Every structure is written in C-alpha cells, then in structure tokens.
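Breakdown of the fold
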Amino acid sequence: MQVVEDEGTKTEHGYLVKVPVRWSDMDVYQHINHARMVTLLEEARIPWLFYDGRPTVTLRSGCVVADLHVKYQMQLRHDEGPLEVTMFTQQVRAVDFTVGYEVRPKGGAPDSKPAIVASTQLVAFDVDTQRLRRLTPEEKAYLLEFAR
C-alpha cells in the first residue's frame with residue numbers, strides 16, 4: 001500500500017487529503033477503476049486516522065471495514081489528480097463509526113458537486129481477543145470534531 005505524502009488539512013467541511021493517482025489506477029476507458037477508487041479512499045483515511053499523534057492511532061492495530069458504499073456522480077480521469085478527498089464522520093457509536101467521503105478532481109471547489117460520494121462503516125476491533133472493542137473517549141471526541 002502506498003503512503004500518501006499529504007498529511008491532510010482540517011477544513012470547515014471535514015478533513016481534506018490530496019491523494020495521488022497512479023497510472024495503474026486507470027481503466028481501459030481512462031477512468032479511475034472502481035477497485036482502485038476504493039483503495040484511494042483507504043489511502044486518504046490513513047493520514048486522517050492512523051498517523052502518529054492522532055487520538056485514533058490506536059485503531060491502526062484493530063479496525064475493520066463493515067460496510068462500504070460508493071456512488072459515482074461524474075467521471076474522474078487520471079489527469080485530474082491528485083484527487084481531493086474530503087472526509088467527515090456521519091455517525092459515531094460505541095464500537096463503530098461511519099466515514100463520509102466527497103471526492104473531487106484537483107482544484108475542485110469544496111462546495112462544488114463531488115464526482116464521487118462514498119461511506120465506510122469502520123469497527124474498532126481487538127485482534128488478540130477477536131472481538132469488537134469500544135471506542136475510547138479520546139477516539140470518539142476526535143471523530144466527533146469532524147461530524148456532519
């Protein structure tokens with residue numbers, strides 16, 4: 001997995017990360033391939049949630065995807081990268097939270113229609129016990145900073 005160089009920025013709309021698009025992310029029609037788009041969303045999440053110094057860094061050792069939705073509203077092409085991915089929390093509960101995504105081409109205005117909207121339900125997980133775990137108060141507070 002590629003580590004995104006851009007550590008991101010907190011904005012009034014959420015957490016913005018610029019994700020580079022690789023040549024191999026393109027399909028035969030010169031659009032970004034669906035499976036690769038899911039990977040790009042994952043790469044955007046990493047600096048927001050899993051980098052050292054984040055209250056959610058503990059999720060690095062145990063966090064699983066429970067649900068994923070991706071809706072394509074416009075095409076995105078390789079030459080429109082790096083993609084601007086704005087992330088926010090749609091819901092924060094005891095053991096899980098839902099991340100919302102808005103993906104725009106480079107230079108896309110934050111209030112413009114996103115090319116892609118997506119959501120991922122992530123669950124805190126204890127790998128040693130193979131059970132769900134509760135989010136800590138610190139994790140919850142950080143995630144709620146980005147609630148919409």
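Described in the following lines is the structure provided in the data block. (Residues numbered from 1 in each chain as written. Predicted model: local features only at pLDDT ≥ 70, side-chain atom pairs only at ≥ 80, totals over all residues. Heavy atoms only, no water.)

Before going further, it helps to spend a moment on the pairing of strand β4 (residues 83-92). In terms of burial, β4 is a largely internal element, 7 of the 10 residues being buried. With 5 bridges joining them, strand β2 (residues 14-19) and β4 adopt antiparallel strand pairing. Looking at the pairing, Leu16 lines up with Thr86 of β4. Alignment of β4 against strand β5 (residues 96-104), held across 8 bridges, turns out to be antiparallel. Among the inter-strand pairings, Phe88 is bridged to a residue of β5, identified as Gly100. The antiparallel pairing of β4 with β5 creates a hairpin that spans 3 residues between the two strands. (Buried < 20%, exposed > 50% of the residue type's maximum accessible area, 1.4 Å probe, protein only. Helix = DSSP H or I, 4+ residues; strand = E, 2+ residues; numbered from the N terminus. Pairing = 2+ DSSP bridges.)

It is worth spelling out the nonpolar core at this point. With 32 residues, the main nonpolar core has Trp48, Leu49, Leu76, Leu83, Val85, Met87 and Phe97 as its most contacted residues. The set of elements that each furnish at least two residues to this core consists of β2, α1 (34-50), β4, β5, β6 (116-126) and α2 (137-144). Looking at this core element by element, the count peaks at 8 residues for α1. Apart from residues no more than four positions distant in its own chain, Leu49 is found in contact with Arg54, Thr56, Val57, Phe97, Leu122, Tyr142 and Leu143. (Core = buried A, V, L, I, M, F, W, Y, C linked by side-chain atoms within 4.5 Å. Contact = heavy atoms within 4.5 Å.)

Glancing now at the environment of Pro114. Positionally, Pro114 belongs in the loop between β5 and β6. Here Pro114 falls in the buried class, since its relative accessible area comes to 10%. Along the backbone, Pro114 and Thr86 are 28 residues apart, and their C-alpha atoms lie at a distance of 9.6 Å.

Tallied over the entire structure, the rule returns 4 aromatic pairs. Both rings, one in Tyr15 and one in Phe146, keep their centres 5.9 Å apart while their planes meet at 80°; by these two values the pair is edge-to-face. With a gap of 131 residues between them, Tyr15 in strand β2 and Phe146 in the segment after α2 connect regions that are remote in the sequence. Relative accessible area serves as the criterion here: at 5%, Tyr15 is assigned to the buried category. The exposure class assigned to Phe146 is buried, which follows from its relative accessible area of 3%. Ring geometry for Tyr142 and Phe146: centres 5.3 Å apart, planes at 75°, overall edge-to-face. One exposure class covers both Tyr142 and Phe146, and it is buried. By way of ring pairs, the aromatic residues Tyr15, Trp48, Tyr142 and Phe146 are connected into one cluster. The side chain of Lys10 reaches across the aromatic face of Phe146, ending 5.1 Å from its centre. The cationic tip of Arg148 hangs over the ring face of Phe88; the distance from NZ or CZ to the ring centre is 3.7 Å. (Phe/Tyr/Trp six-rings, centres within 6.5 Å; stacked < 30°, edge-to-face > 60°. Lys NZ or Arg CZ within 6 Å of the ring centre and 35° of its normal.)

Omega for the peptide link from Gly81 to Pro82 comes to 5°, which places this bond in the cis form. When you line up the elements, Pro82 lands in the loop between β3 (63-72) and β4. The backbone of Gln30 shows a phi angle near 70°, a positive value even though the residue is not glycine. Assignment of secondary structure puts Gln30 in the loop between β2 and α1. Assessed through its relative accessible area of 43%, Gln30 is described here as partly exposed.

Note that every value here comes from positions in space, so none of it alone points to a role or purpose.
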